[in-house]
Amino acid sequence: MKTFASESSTVAWFKIADFIARGEKERALHMYPLLMHSISDPAISLQLEGDILLAFDDMAALERYHQAVDLYKRTGKIRQAIGVYEYVSLFVEDEIILKELLDLYILCHDTVGFIQAFIKLSKFYLDHGYHQVLHEFVEVYQETIPVQFFVVLYANYLKIILLYEITVDSLEQSVEYCLKLFVHALEHNYAVEKEFQKFLSDLKVLNIELFKKAEIYLYQKS
């Protein structure tokens, strides 16, 4: 009986893939319920349905992905939830998904993923001309996340400001504020040392005058 079920699910997988390749959306979705009999995890079922819809550029897929992630989070499967949103973000630019990814990376203490998600979110805002939205997001987000994550976020925020040559008030003060955050964070968590050195290196390349002022500031604080 198990062998029969396994063979049936394998056939269903191939048929769905074939229907997707031929652009036959309704037939692929019709085959989907047959496949679900072999999948006990409802989150995976929703994820698969989202994959089928996304293959046809049907944005109803996003709702299925959100539901799948919610179920993964409820059962403590944070890495699986991240995997869903990482996959979707390869094909869809979505502000909500990128914000959710930031929070998920914090939950599993993933600084690298956190930075990558923030850079994607920043580019999304800038590509759409939402400069002020990016500034406001950074200000508000400071109040909700651990300092070791905010300091790397703020460092990358300043890097983006310099790269895109975005006009902001008191850039020098913003750099000094970032240095203060790093100095404070390093007193309690040496894990940000690498990001601190990277920030200084980027600053030296992007704006030598600000880098020199940063050196003076750090010398005075040492």
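(A) Main features of unusual backbone geometry. Here D57, not a glycine, exhibits a phi torsion of approximately 60 degrees, which is positive. Relative to the elements of secondary structure, D57 occurs in the loop between α3 (42-55) and α4 (61-74). On the basis of relative accessibility, which here comes to 63%, the residue D57 falls in the exposed class.

(B) Spatial organisation of the packing of α4 against helix α6 (residues 95-107). Between α4 and α6, the shortest axis-to-axis distance is 12 Å and the interhelical angle comes to 15 degrees. Put simply, α4 runs roughly parallel to α6. When you trace α4 past α6, the crossing you get is left-handed. Where α4 abuts α6, its residues L62, H66 and K73 lie against I96, I97, E100 and L104. Per-class residue counts for the contact of α4 with α6 are four nonpolar, one polar and two charged.

(C) Layout of the packing of aromatic side chains. In this structure the tally under the stated criterion is ten aromatic pairs. Look at Y87 and F91: their rings are 5.1 Å apart centre to centre, the planes differ by 65 degrees, and that puts the pair in the edge-to-face class. Where F150 meets Y154, the ring centres are 5.6 Å apart and the plane angle is 35 degrees; that geometry is what we call tilted. Of this pair, F150 and Y154 both sit in helix α9 (residues 147-163), four residues apart, which is roughly one turn of the helix.

How each quantity is defined
Residues numbered from 1 in each chain as written. Predicted model: local features only at pLDDT ≥ 70, side-chain atom pairs only at ≥ 80, totals over all residues. Heavy atoms only, no water. Helix = DSSP H or I, 4+ residues; strand = E, 2+ residues; numbered from the N terminus. Buried < 20%, exposed > 50% of the residue type's maximum accessible area, 1.4 Å probe, protein only. Axes fitted to C-alpha atoms, helices over the stretch in contact; angles between N-to-C directions. Parallel < 35°, antiparallel > 145°, perpendicular 65-115°, else oblique. Left-handed = near helix turned anticlockwise from the far one by under 90°. Contact = heavy atoms within 4.5 Å. Nonpolar A, V, L, I, M, F, W, Y, C, P; charged D, E, K, R; others polar. Phe/Tyr/Trp six-rings, centres within 6.5 Å; stacked < 30°, edge-to-face > 60°.

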